[in-house]
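# Structural overview for review
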Amino acid sequence: QQQVKQSPQSLIVQKGGISIINCAYENTAFDYFPWYQQFPGKGPALLIAIRPDVSEKKEGRFTISFNKSAKQFSLHIMDSQPGDSATYFCAASRGRDDKIIFGKGTRLHILP
Amino acid sequence: DAEITQSPRHKITETGRQVTLACHQTWNHNNMFWYRQDLGHGLRLIHYSYGVHDTNKGEVSDGYSVSRSNTEDLPLTLESAASSQTSVYFCASSEGQAKNFGPGTRLTVT
């Protein structure tokens, strides 16, 4: 049972373009939706996160859009740069301290 | 600065051997987690702990065990290593929902 479904598996975007990664979840008890960024040979690092009481959160070039009724959320990277090339994971958890369930990841490559 | 470390960073072992991967955090976090990362599967939860002497099974716990004798450490033991356990293992800690991940241990079982 995959609780968090992520797409696409891989994505190639031109420098300066918009990168969009989508996720869907099943458990309506989830109340915290983070995105993690992982560079080769490194551990994942928290990029941005959202709670279901807001529909959008923006931090610099990174934006999360959240659709509670559809149980979907997405990451938008504006003005994508080669340094954004990494694997991105969406995730979900419930409660303040609960374990995080990850999507399978999206390998993003930004063409210079 | 507080950090989370894992050792060894790379390990090659033989099928059937017992292996222990170390995780040490200086954040003084109560919550610690072990994940494995495999191509096509993302990060899957193995075991987790919410405090000293507390341990819980994750979605892929078979063949793994953990123990929590203090706040700083959560070692992961593979009782009898199998080739299917070849993977990259990540430890994480948290106080609240944001997780801090370690650098990972690449384990190869031959």
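Above this text is the structure in question.
Since we're looking at a predicted model, the values are computed, not measured. (Residues numbered from 1 in each chain as written. Chains lettered and ligands numbered in written order. Predicted model: local features only at pLDDT ≥ 70, side-chain atom pairs only at ≥ 80, totals over all residues. Heavy atoms only, no water.)

### Description of the overall build of chain A
Stated formally: Runs of H or I in DSSP of at least four residues are treated as helices and runs of E of at least two as strands, each being numbered from the N terminus. In this description the radius of gyration comes from C-alpha coordinates, and the expected globular size is given by 2.2 Å times residues to the power 0.38. Accessible area is worked out with a 1.4 Å probe on protein chains only. A residue is then buried under 20% of its type maximum, exposed over 50%, and partly exposed in between. Note on definitions: a residue-residue contact is assigned when non-hydrogen atoms from the two residues lie within 4.5 Å. Accessibility throughout is a Shrake-Rupley quantity obtained with a 1.4 Å probe, and a residue counts as covered only by protein chains that appear here. Only four residue types enter the charge count: Lys and Arg as positive, Asp and Glu as negative, with His and the chain ends excluded. Lys charges are placed at NZ, Arg charges at CZ, Asp charges at CG and Glu charges at CD.
What chain A contains, in helices and strands, is zero helices and 11 strands. The helix and strand sequence of chain A, counted from the amino end, reads β-β-β-β-β-β-β-β-β-β-β. Relative to the compact-globule value of 13 Å for 112 residues, chain A shows a C-alpha radius of gyration of 13 Å, a close match. With the C-alpha coordinates of chain A rotated into their principal frame, the extents come out at 40 × 30 × 20 Å. Counting over 112 residues, chain A shows a buried share of 45%. The long-range share in chain A, meaning contacts at least 24 apart out of those at least 6 apart in sequence, stands at 54%. When the accessible area of chain A is evaluated, it comes to approximately 5,500 Å², of which 49% is carbon and sulfur surface. Considering chain A, the positive charge centre built from 14 side chains and the negative charge centre built from 9 side chains are found 5 Å apart.

### Regarding the pairing of strand E1 (residues 4-7) of chain A
Residues and elements named next belong to chain A. The condition that has to hold: Whether two strands pair comes down to DSSP finding at least two bridges between them.
Where burial is concerned, the two faces of E1 differ: the one with Val4 and Gln6 is buried and the one with Lys5 and Ser7 is not. The pairing of E1 with strand E3 (residues 19-25) spans four bridges and is antiparallel. When the bridges of E3 are listed, Gln6 appears paired with Cys23.

### Remarks on the interface of chain A and chain B
So the rule is basically this: A simple way to read buried area is as the amount of 1.4 Å-probe accessible surface that goes missing from two parts once joined, with both sides added. Any Lys or Arg side-chain nitrogen found within 4 Å of a carboxyl oxygen on Asp or Glu counts as a salt bridge. N or O atoms within 3.5 Å of each other form a polar contact, as long as, within protein, one can give a hydrogen and the other can take it, and as long as residues adjacent in sequence are counted only when both atoms are side-chain atoms. Polar here means any residue outside two lists: the nonpolar Ala, Val, Leu, Ile, Met, Phe, Trp, Tyr, Cys and Pro, and the charged Asp, Glu, Lys and Arg; Gly therefore counts as polar.
Listed by partner, the interface residues are 23 residues for chain A and 22 residues for chain B. In this assembly, chain A packs against chain B so that about 1,700 Å² is buried in total across both faces, 51% of it on carbon and sulfur atoms. Between the two partners, chain A and chain B, sit zero salt bridges. Linking chain A with chain B are three residue pairs in polar contact (both at pLDDT 80 or more). In the side of chain A that touches chain B, the residues fall into seven nonpolar, six polar and 10 charged.

### A closer look at the pairing of strand E11 (residues 105-109) of chain B
All names here are of chain B. The two faces of E11 differ: Thr105, Leu107 and Val109 on one face are buried, but Arg106 and Thr108 on the other face are not. Direction of pairing for strand E2 (residues 10-13) relative to E11: parallel, over a ladder of four bridges. For Ile12, the partnering residue across the bridge sits in E11 and is Thr108. Two strands pair when backbone bridges link them, and strand E9 (residues 87-94) and E11 are joined in this way by three bridges, in the antiparallel orientation. Residue pairing in the sheet places Tyr89 in a bridge with Thr105 of E11.

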